[in-house]
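# Remarks on the overall topology
The primary structure of each chain is shown beneath.
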Amino acid sequence: MMKKKSIPASKPLLILFLCQIISALDVPLDSKLLEELSQPPTITHQSPKDYIVDPRENIVIQCEAKGKPPPSFSWTRNGTHFDIDKDAQVTMKPNSGTLVINIMNGGKAEAYEGVYQCTARNERGAAISNNIVIRPSRSPLWTKEKLEPHQVREGDSLVLHCRPPVGLPPPIIFWMDNAFQRLPQSERVSQGLNGDLYFSNVQPEDTREDYICYARFNHTQTIQQKQPISVKVFSTKPVTERQPVLLTPTGSTSTKVELRGNVLLLECIAAGLPTPVIRWIKEGGELPANRTFFENFKKTLKIIDVSEADSGNYKCIARNTLGSVHHVISVTVKAAPYWITAPRNLVLSPGEDGTLICRANGSPKPSISWLANGVPIAIAPEDPSRKVDGDTIIFSHVQERSSAVYQCNASNEYGYLLANAFVNVLAEPPRILTPANKLYQVIADSPALLDCAYFGSPKPEIEWFKGVKGSILRGNEYVFHDNGTLEIPVAQKDSTGTYTCVARNELGKIQNEVHLEIKDPTMIIKQPEYKVVQRYGQVSFECIIKHDSTLLPTVIWLKDNGELPDDERFLVGKDNLTIMNVTDKDDGTYTCIVNTTLDSVSASAVLTVVAAPPTPAIIYARPNPPFDLELTGQLERSIELSWIPGDENNSPITHFVIEYEDGLHEPGVWHYQTEVPGTQTTVQLKLSPYVNYSFRVVAVNKIGRSQPSEPSEQYLTKSASPDENPANVQGIGSEPDNLVITWESLKGFQSNGPGLQYKVSWRQKDVDDEWTSVIVANVSKYIVSGTPTFVPYEIKVQALNDLGYAPEPSEVIGHSGEDLPMVAPGNVQVHVINSTLAKVHWDPVPLKTVRGHLQGYKVYYWKVQSLSRRSRRHVEKKILTFRGNKTFGMLPGLEPYSSYKLNVRVVNGKGEGPASPDKVFKTPEGVPSSPSYLKITNPTLDSLTLEWGSPTHPNGVLTSYILKFQPINNTHELGPLVEIRIPANESSLILKNLNYSTRYKFYFNAQTSVGSGSQITEEAVTIMDEVQPLYPRIRNVTTAAAETYANISWEYEGPDHANFYVEYGVAGSKEDWKKEIVNGSRSFFVLKGLTPGTAYKVRVGAEGLSGFRSSEDVFETGPAMASRQVDIATQGWFIGLMCAVALLILILLIVCFIRRNKGGKYPVKEKEDAHADPEIQPMKEDDGTFGEYSDAEDHKPLKKGSRTPSDRTVKKEDSDDSLVDYGEGVNGQFNEDGSFIGQYSGKKEKEPAEGNESSEAPSPVNAMNSFV
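Residues numbered from 1 in each chain as written. Predicted model: local features only at pLDDT ≥ 70, side-chain atom pairs only at ≥ 80, totals over all residues. Heavy atoms only, no water.

## Section: the overall build of the protein
Basically, it comes down to this: Numbering of helices and strands starts at the N terminus; helices are DSSP runs of H or I of at least 4 residues and strands are runs of E of at least 2. Throughout, exposure labels follow a simple rule: accessible area from a 1.4 Å probe, protein chains only, divided by the maximum for the residue type, with under 20% read as buried, over 50% as exposed, and the rest as partly exposed. Contacts were defined at the residue level, with two residues in contact if any of their heavy atoms lie within 4.5 Å. All accessible-area figures derive from a Shrake-Rupley calculation using a 1.4 Å probe, and residue coverage is judged against the displayed protein chains alone.
Counting its regular elements, the protein contains five helices and 95 strands. When each of the 1268 residues of the protein is scored for burial, the buried share is 42%. Contacts in the protein between residues far apart in sequence, at least 24 positions, make up 65% of those at least 6 positions apart. Put simply, the protein shows about 67,800 Å² of open surface, and 50% of that area lies on carbon and sulfur atoms.

## Topic: the packing of aromatic side chains
The condition is simple: Stacked, edge-to-face and tilted are the three classes for Phe, Tyr and Trp ring pairs, Trp counted by its six-membered ring, which pair at centre distances within 6.5 Å; planes under 30 degrees apart are stacked, over 60 edge-to-face, the rest tilted. A ring has a charge above it when a Lys NZ or an Arg CZ is no more than 6 Å from the ring centre and no more than 35 degrees off the ring normal.
Inspection of the entire model under this criterion finds 22 aromatic pairs. Here the aromatic rings of phenylalanine 180 and tyrosine 214 are separated by 6.2 Å at their centres, their planes lie at 45°, and the arrangement is tilted. Placement of the pair is phenylalanine 180 in the loop between strand E14 (172-176) and strand E15 (189-191) and tyrosine 214 in strand E17 (residues 208-217), with a sequence separation of 34 residues. For phenylalanine 180, a relative accessible area of 53% puts it in the exposed group. Between phenylalanine 541 and tyrosine 590 the ring centres are 5.5 Å apart and the planes differ by 25°, which places this aromatic pair in the stacked class. Residue phenylalanine 541 is found in strand E49 (residues 539-542), and its partner tyrosine 590 is found in strand E55 (residues 588-595); the two are separated by 49 residues along the sequence. Pair check on accessibility: phenylalanine 541 and tyrosine 590 agree, each one buried. Put simply, the rings of Phe174, Phe180 and Tyr214 touch in pairs and so form one group of aromatic residues. Here lysine 298 stacks its cationic end above the ring of phenylalanine 294, 5.8 Å away from the centre of that ring. For lysine 531, the ring lying beneath its charged end belongs to phenylalanine 541, and the centroid distance is 5.4 Å.

## As for the environment of tryptophan 75
Considering the arrangement of structural elements, one finds tryptophan 75 in strand E5 (residues 72-77). According to the relative accessible area criterion, tryptophan 75 is buried, its value standing at 1%. Through-space distance from the C-alpha of tryptophan 75 to that of glycine 97 is 8.4 Å; in sequence the pair is 22 residues apart. The contacts of tryptophan 75, once residues within four sequence positions are left out, are Ile61, Gln62, Cys63, Thr80, His81, Phe82, Met92, Gly97, Leu99, Tyr116, Gln117 and Cys118.

## Re a nonpolar patch on the surface
Keep this limit in mind: Note that patches include only residues with greater than 30% relative accessible area and no salt bridge, and the join distances are 9 Å for like charges and 5 Å for nonpolar side chains (Val, Leu, Ile, Met, Phe, Trp, Tyr). Whenever a carboxyl oxygen of Asp or Glu lies within 4 Å of a side-chain nitrogen of Lys or Arg, that contact is scored as a salt bridge.
Where nonpolar side chains cluster on the molecular surface, the patch consists of Leu1143, Leu1146, Ile1147, Ile1150, Val1151, Phe1153 and Ile1154 and spans about 630 Å² of accessible area. Along the chain, phenylalanine 1153 falls in helix H3 (residues 1132-1157).

## Some details on the side chain of serine 638
Among the secondary structure elements, serine 638 is positioned in strand E58 (residues 638-644). For serine 638, a relative accessible area of 15% corresponds to the buried category. The contact partners of serine 638, leaving out residues within four places of it in the chain, are Gly633, Gln684, Leu685, Lys686 and Leu687.

## A word on the nonpolar core
Selection criterion: Definition used in this section: a nonpolar core is a set of buried Ala, Val, Leu, Ile, Met, Phe, Trp, Tyr and Cys residues joined via side-chain atoms within 4.5 Å.
One finds Ile59, Ile61, Trp75, Ile101 and Tyr116 to be the most contacted residues of the largest nonpolar core, which totals 29 residues. Mapped by element, the contributors of at least two residues to this core are strand E3 (59-61), strand E4 (63-68), E5, strand E8 (99-101), strand E9 (114-122) and strand E11 (132-136). Sorting elements by how many residues they give to this core places E9 first, with three residues. Not counting residues within four places of it along the chain, the set of residues in contact with isoleucine 101 comprises Asn58, Ile59, Ile61, Gln89, Val90, Tyr112 and Tyr116.

## Points about the state of the cysteines
Quick note on the threshold: In this description, the term disulfide denotes a pair of cysteine sulfurs within 2.5 Å.
The final tally for this structure, using the stated rule, is six disulfides. Two residues, cysteine 63 and cysteine 118, share a disulfide whose sulfurs are 2.1 Å apart. On the sign convention where negative means left-handed, the S-S torsion of about -70° between cysteine 63 and cysteine 118 marks this disulfide as left-handed. A residue pair is termed long-range when its members are at least 10 positions apart, and cysteine 63 in strand E4 and cysteine 118 in strand E9 qualify at 55 residues. Judged by its relative accessible area of 0%, cysteine 63 falls in the buried class. The disulfide partner of cysteine 268 is cysteine 316, and the S-S distance across this bridge is 1.8 Å. When the S-S torsion is -65°, as for the bridge of cysteine 268 with cysteine 316, the disulfide is left-handed. Of the two residues, cysteine 268 sits in the loop between strand E22 (264-267) and strand E23 (269-273) while cysteine 316 sits in strand E27 (residues 312-320), which places them 48 residues apart along the sequence. Here cysteine 268 falls in the buried class, since its relative accessible area comes to 0%. Of the residues examined, cysteine 316 reaches a relative accessible area of 1% and is grouped as buried. When the cysteines engaged in disulfides are numbered in sequence order, the protein pairs them as 1-2, 3-4, 5-6, 7-8, 9-10, 11-12.

## So, the pairing of strand E79 (residues 931-937)
On a regular strand, each side chain points to the face opposite its neighbour's, so the side chains alternate between the two faces of the sheet. Our working rule: Two strands pair under a simple rule: DSSP has to find at least two bridges between them.
By the bridge criterion, six bridges tie E79 to strand E80 (residues 944-951) in an arrangement that is antiparallel. For leucine 934, the partnering residue across the bridge sits in E80 and is tryptophan 948. The antiparallel hairpin formed by E79 and E80 contains six residues in its connecting segment, where asparagine 938 sits at a positive phi of about 50°.

## Side note on the sheet that holds strand E90 (residues 1084-1087)
For clarity, the threshold we go by: To define axes, lines are fitted to C-alpha atoms, for helices over the stretch in contact only, and angles between the resulting N-to-C directions are given on a 0 to 180 degree scale.
Read from one edge of the open sheet, three strands run E86-E87-E90, paired in antiparallel fashion. Strands at the two margins of the open sheet, each flanked by one partner only, are strand E86 (1033-1041) and E90. Along the sheet, successive strands turn relative to each other by an average axial angle of 20°, direction set aside. Pairing of strand E87 (residues 1046-1053) with E90, which is carried by four bridges, proceeds in the antiparallel orientation. Note that in E90 the partner of isoleucine 1048 across the bridge is phenylalanine 1085.

## Points about the pattern of salt bridges
Where charged atoms from two side chains of opposite charge come close, those side chains can pair. In total, this model carries 36 salt bridges according to the counting rule given. Lysine 493 is the salt-bridge partner of aspartate 520, the closest N and O atoms lying 3.3 Å from each other. In this pair, aspartate 520 is assigned in the loop between strand E46 (508-519) and strand E47 (523-526) and lysine 493 in the loop between strand E44 (486-488) and strand E45 (497-505), connecting sequence segments 27 residues apart. Residue classification places lysine 493 among the partly exposed residues on the basis of a relative accessible area of 45%. In this structure, arginine 535 engages aspartate 584 in a salt bridge whose closest nitrogen and oxygen atoms are separated by 2.9 Å.

## Focus: the pairing of E58
Counted residue by residue, E58 has five buried out of seven residues, so it is predominantly covered. Bridge analysis of strand E57 (residues 627-632) against E58 gives four bridges, and the strand direction is antiparallel. The partner of threonine 632 across the bridge, within E58, is glutamate 640. Remark: five residues form the turn of the hairpin made by E57 and E58, two consecutive strands paired antiparallel; glycine 633 in that turn has positive phi of roughly 60°.

## Points about a negative patch on the surface
For clarity, the cut-off: Note that His is not counted, nor are the chain ends; the positive residues are Lys and Arg, and the negative ones are Asp and Glu. For this purpose, a charge sits on NZ of Lys, CZ of Arg, CG of Asp or CD of Glu.
On the surface, a cluster of negative charge is contributed by Asp628, Glu630, Glu640 and Glu713. Looking at the secondary structure, you find glutamate 630 in strand E57.

## Describing the confidence of the model for the protein
Selection rule: By definition, pLDDT measures how confident the predictor is in each residue, and it falls between 0 and 100.
Per-residue pLDDT for the protein has a mean of 84; in total, 85% of the residues score no lower than 70. Across residues 1122-1126, confidence stays below pLDDT 50; counting only partners more than four residues off in sequence or on other chains, it has 19 contacts. Across residues 1159-1268, confidence stays below pLDDT 50; counting only partners more than four residues off in sequence or on other chains, it has 151 contacts.

## Brief notes about the environment of glutamate 1043
Here glutamate 1043 lies in the loop between E86 and E87. A relative accessible area of 14% means that glutamate 1043 is categorised as buried. Residues glutamate 1043 and lysine 1088, 45 residues apart in the sequence, show an inter-C-alpha distance of 9.7 Å.

## As for unusual backbone geometry
What you tend to see is this: most non-glycine residues have negative phi, and most peptide bonds are trans. With omega at 0°, the peptide bond leading from lysine 68 into proline 69 counts as cis. Mapped onto the fold, proline 69 is located in the loop between E4 and E5. The omega angle of the peptide bond from serine 363 to proline 364 is 5°, so this bond is cis rather than trans. Phi is positive for aspartate 766, which is not a glycine, with a value near 65°. Inspection of the secondary structure assignment puts aspartate 766 in the loop between strand E66 (757-764) and strand E67 (772-776). A positive phi angle is found at asparagine 993, which is not glycine, with a value near 60°. Along the polypeptide, asparagine 993 turns up in the loop between strand E83 (988-991) and strand E84 (999-1007). Residue classification places asparagine 993 among the exposed positions, given a relative accessible area of 70%.

## Digging into the sheet that holds strand E35 (residues 392-395)
Read from one edge to the other, the open sheet built from three strands follows the order E30-E35-E34, with strand pairing classed as antiparallel. Pairing within the sheet leaves two strands with one partner each, and these edge strands are strand E30 (354-357) and strand E34 (386-389). Sheet twist, expressed as the average angle between the axes of neighbouring strands with direction ignored, equals 20°. Pairing of E30 with E35 involves four bridges; the strand directions are antiparallel. Paired with isoleucine 357 across the two strands is threonine 392, which belongs to E35.

The structure is reproduced here in structure tokens:
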């Protein structure tokens, strides 16, 4: 398959393509170069194959061509030479092949009917046009005939025949009356495709004498009229209903042949009473979505852009209440020839090879024939470099005489395709097209691209030099592109200088100099900062910059990524932005942008506006809505709207916002139209066609927006052709052989009229192809199949509706689908920088093999094994991606002294290409990690035993271990440091001759040949007496923890008057230990302020001349929840007691009530005091249970401590025999002196929750009063 290399240019491409076997020449788009190069002729414009002309006007047969030297033109007519010099009526335009046949001065168009073909010829070959069939249009008169009146019974069917005269092209038929008004049509009365007028059943109102058929011949702009037809309907009672009968087509089946790409029209018209309804189905399939339309009240099925898949049986069914009838139309879709691969121009150097490919499809399969310079290739002059193989011509070792124009003809019974493609063999010495002494300026640390556009045949070799007498540039710090460009990926100050480009081939050599300057980057050294300011205050943002002295910077300030408000309160200084009299609208993000001709930097800060201290002021409010909207001055594209403003509410109206509703397309949705100043109450509004407008107005002041006004009356504008085309047109292939064209569909009101469709056009860029166009329904996507892989296309999408086309759309460039890259990067090299970093280089793959947008390269690398352990592990591949056409990258985070493999792959939009061969590299040794552990055991009077583990990551071959240690005195001062080197194969050591009862600190690390690794430290103490140590000790550390505190106790053995301290911290944390001093010589301490539900570590130590510590203990505080107590409200005895008290109170109340009624007195208060229980709690209103006894501070009960279990952790709720489990509602606590206390602590009596007072339902009287 032929590939194309993309070269940026601003002018249309003259010659560009690739060959299957060897890449052909790329001809740069340099106007001066193109004027000098020889080129065979190319047909650029020609008349259509079937050319119908107006017999009253001159006939213009177009034939335009280009070439170097300019081509000469000749014509054939009906297969023989057409000598235009012998016909005074025929002239040829200067510098053109276009013929002008003078008809208006006495010539007759019929005399020039025939088949014409144009030939454009120069010394390099001859190109030919299509066969252009010239036929004058005809609009004959209607034959005279006597038309009898039609007398029809009410309810019967009727067909009024039109039978228009046969014209060229066929006329457009329509029915009108004597007043030139179109006859109304409906499901009952409609016009068929043949022009006849069909009545499914006639009604009395069909009686008239002026049924007139008109034939309009567009080419001659004439209309022919048939004689009027009279129809009289007579009534009979009752009218007989009838089941459906097909008027057209007749019979039960018929056939239809249509060509691929055309519009398929199938018709069914039925008679019957009531009027039948038509329905269409496709047997064994579905009607194609998005291409199927129903016309003429569903009597016509229309399928656009038909293909072979649309062949099949289509059934129309006519049905009314009495029955149904159907007809099956067998559709066969044939195809005129269409291109799969059209031949493309070929530019070669002498001795190169190439191919021309001509592939077409159709139904039936088209035949392929070749011509050379317009002559069948079988009788054309022989060319030893040419070989014809069916649809392919193969060229081998071409010479300049091999230049020619070849024609490919693909034809079948339905048409033909003809394509010209030239072979141009050029022998040219090198030329450099980049201007001499061109200056390039680049920011430091950025890529520098120095151009050397060139041309030559054979293709020249390009070399670069720095300086006048410098050596040729090579190495990884440069990238040499195929188009001659030199890239310096990271330009530095020393890159400044003159660079020379040399182009040479076997025909010559040429050179050119360019200059490179490196500039300092622009920086913002003082950025704007976040500010908070009160309303009506002042604020300033700073933006101080540093830049290259030769560059002129410009500073721009933005607000919320838009321009600053046009307000004199905003003052822009050299290095700052100041805002005076700040308002709420000034709230937002402010950005300082600094631009030079080479770079740009920016920085942003947020401004927050807060309210000033409140002061008494007038109450402001939003305005009231406008009212009394009125529409005047109605025109097709404009209208005047006026209104009366509502109350301002103490804040002047700043502006009015006008909104509109489109009741035709989006009823109920309001859109912004425009806005006008608050002093204006009328506005002239621009309108769009085919929109049913309603308007409303919103008033705005500083407080906010009013409610919208009531809508205005509706105004429906007339239809028109679209004013605009779809936006965001794109062409991106989803498969290697297609092009998916997408666009944003027009909104409903943008259609400007009914029948919105789109004309989608495309052609391959840089190839002399004509546009291919299709008209699609109101969709937003079209897929072009059978495209070459990843080639550029010119695309345009034009809107149209029933009234015409939108303006000519602009063209966009898209690409057909990408495919996976074909080759892997070559010459992969690895440079190991150090034990953890390596640099990988590779050669870029040729762009033509990428077959898509080059996104970059991926480097896959993985560790094979560690060289120190010789053990393999699970392979975990890592991936680094390098964007763009980069040819090197750094691999960080490698493990020292290891073996690695890597490969490189190129990436495009489709995916990754094949991997390069695996490259093996090794990292050198590094320093090891710290030893895995260090234990100190077996203390004696003068010795300690050390044991250790080897480093987890040796990072090389261990050579030795280094042990350093020094004594620590009672004031924690360090003594002299002793160093010992230990062989690498040792794992333990006994240190002797140490001082007794002395603390030592040890530092231990491993070494490789590179150096020492990180160290591990430990402390240990020698003992005082081996027989009966007098050394004090602390043992049996016990903890009892609550939610936020814990009681620590221990046992001490040793001299009196020891000063104890407690150290604690979160278990598993690396934070430093917290230290608490114990007062006196007590053996307990309470830790307070702990976090509930947290595990802690604790140890106890003694200070003094012989400082020491206990082993660590671990405990966990309780979770933060209610205290675990026995709920007294659930105890049986308590419930009984409460019932008795309630009964007693009730009796006392009754007695008191009786005594009061009798006038006596009873000491209720004293009785209640005598019997009241101080522990009675009110019942909870939320759940009906009694209140609980609880400690006022609501502490959790303590967990029972353990006596230093083997796992060094305190188990929660280890025993059911807990002090908390005894007693009802008792909290177990430790006082600060360590003694355990247990007591009842009564809560304050709980206040009952206040319930919501029930509101009374309003009485009917109140309701009526409120209503009145």
